[in-house]
Amino acid sequence: MKKTLLVISTAVMVALAAPAFAGAKQDAVMDHYKKLAKGSFSAERGKAFYSAVHTGGKPATPSCTSCHTKSPTGTGQTRANKPIAPMALSKSPDRFGDLKKVEKWFGRNCRSVLGRECTVQEKGDFLAFMYSQ
Amino acid sequence: MSDISLISGANHGKASARGVRIWDLPVRLFHWGLVAGVSTALVTGFLAEEWYLYIHNWAGYTIAFLISFRLIWGFFGSKYARFASFIFTPKETIGHIKEFARGNSAHYSGHNPAGALMVFALLAVLLLLTVSGVIILGGQENLGALAGFVSFEIGAFLVEIHELLAWSLMLLIIAHVAGMIIESRISGENLARAMVTGNKKDASNQPITMPVSTIVLRAVVIAAIVGGAGFALYQKYSAVPASGLVKLVPNETYNSECGDCHYAYHPSLLPRSSWQGIMANLENHFGEDASLDAETVKSLSAWLNENSSEIWDTEAANNLRKVSPKAPLSISETPYWQSRHSEINKNVFKQTNIGTKGNCIACHSDAKTGRFDDAAISIPPPKPNT
């Protein structure tokens, strides 16, 4: 009986596993972007966006990886030498739980790296990638 | 037997190879303790890095204790320790110095008139040095017994006088040692050795007569009174909150919004005009986009406005108020910051565990309080690249 329950619950978890590490707050933030988006989000696209070298932003920061390291699980560093906790939800489970803060950082960093605001699609893909890591 | 002779107060005039007892043990301990304290204070004051200040302070407290003890011992000590035994008229003193200059010196068992003058001069200069030192410590550093009572301005003013006194002290020490050597030559008595053993060889000297037990008992009582009173006064007055520091209400918004990217600079480190300039241009914040929503900007601006350098009387606030006309928003561009960090190799700031000039807290462990105590400075050793 117990075994059956375990099998069922595991199956349910796997089925729902799209954002494996996200809590209720993170889900709410994702829902916000989902409502604004036309299509669905892809962690794969988010990964490519994270690693890409962009133009149009500040020369010192052409990529997310400039400060956040090549892997979203790495500890980054600000220009003023403060550590930046990993972006991956598996490492920083409290991240992306506050929409205002998420928007603040998308605003600053998209302008610095891309020289423009990010689209809803880019933001959603980026979050999907981070939620999966 | 020889051990006893060192602390023996009197040997009743018996001329022996050991000589006759002139300087009691407290006088000798005072003298050599003072040599140690003054040497430490001079080296840490003139040569050592800022963060040796606390050793300088301890040397100062030791000196203050010793001279306070000596001033009392001058009334209760054995014969030659008493001020009454070496107070001479100006005529006597001038006469002695004149003779001394010609290479003659009348015989004195204790201090001769020139030596006596030196004792009083040294005591006076050391008294002024310790008093001015405690005032400076309270005014400039907001530390010590007078932190709650002295303004930065008074402390800064007395620094000059403290330094002048220290130079005078060094001249006096040179004259004291030179006079001692010359007098030793003239009299054939090794005076430095006499201050170690307490004895003079010349049997014509009148020995001290106070019994050892009396000397020890009196010295212990006086030392306990001086030490206890000093400690009690220090405890009482150093408990008064430092006058230069303001009670800062912690601002969580400031600590997270600003402190997420850099050490959250203490608001006392810049004047109002600079903080307002910074808050008005967060879109280009020293090359970074640090934009915030209008509401947050408004609340942080108000808090910085209320707590800027104008309301603090610390060393950092007083000196950093003068900003660079070219870069009025930057702390590390202020003339004071630049001069205080001029001796630090540029590569030190690039160390992985420091990174930037703006990372105050990497070396100033008390940066969050705005105190920036000299004793709280510690440059971390470079970390090997891993």
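Residues numbered from 1 in each chain as written. Chains lettered and ligands numbered in written order. Predicted model: local features only at pLDDT ≥ 70, side-chain atom pairs only at ≥ 80, totals over all residues. Heavy atoms only, no water.

A word on the state of the cysteines. By the definition in use, this model includes one disulfide over all chains. Note on cysteine connectivity: Cys110 of chain A is disulfide-linked to Cys118 of chain A, with sulfurs 1.9 Å apart. Looking along the S-S bond of the Cys110 of chain A-Cys118 of chain A disulfide, the torsion reads about -100°, which is the left-handed sense. Each member of the pair Cys110 of chain A and Cys118 of chain A is classed as buried. The cysteine Cys261 of chain B is free of any disulfide, with Cys258 of chain B supplying the nearest cysteine sulfur at 8.8 Å. Here Cys360 of chain B stays unpaired: no disulfide links it, and the sulfur of Cys363 of chain B, its closest cysteine neighbor, is 9.1 Å away. According to the relative accessible area criterion, Cys360 of chain B is buried, its value standing at 9%. (Disulfide = S-S within 2.5 Å. Buried < 20%, exposed > 50% of the residue type's maximum accessible area, 1.4 Å probe, protein only.)

Facing the 21 residues of chain B at the interface are 14 residues of chain A. Of all residues in chain B, Asp260, Cys261 and Asp289 of chain B give up the largest surface area on contact with chain A, accounting jointly for 35% of the area buried on that side. If you look at where chain B meets chain A, you find five salt bridges. For Lys104 of chain A, the salt bridge goes to Glu257 of chain B, with nearest N and O atoms at 2.3 Å. Inspection of the region where chain B meets chain A yields 12 residue pairs in polar contact (both at pLDDT 80 or more). (Contact = heavy atoms within 4.5 Å. Buried area = accessible area lost by both parts, 1.4 Å probe. Salt bridge = Lys/Arg side-chain N within 4 Å of Asp/Glu carboxyl O. Polar contact = N/O pair within 3.5 Å; in protein donor to acceptor, adjacent residues only side chain to side chain.)

Of note in this structure, Thr69 of chain A is not a glycine but carries a positive phi near 70°. Turning to its location among the elements, Thr69 of chain A is positioned in the loop between helix H4 (65-68) and strand S1 (76-77). The exposure class assigned to Thr69 of chain A is partly exposed, which follows from its relative accessible area of 25%. A positive phi is found at Asn142 of chain B, a non-glycine position, where the angle reads about 55°. Summarising the element assignment, Asn142 of chain B is placed in the loop between helix H5 (113-140) and helix H6 (152-187). By relative accessible area, which is 5% here, Asn142 of chain B ends up buried. (Helix = DSSP H or I, 4+ residues; strand = E, 2+ residues; numbered from the N terminus.)

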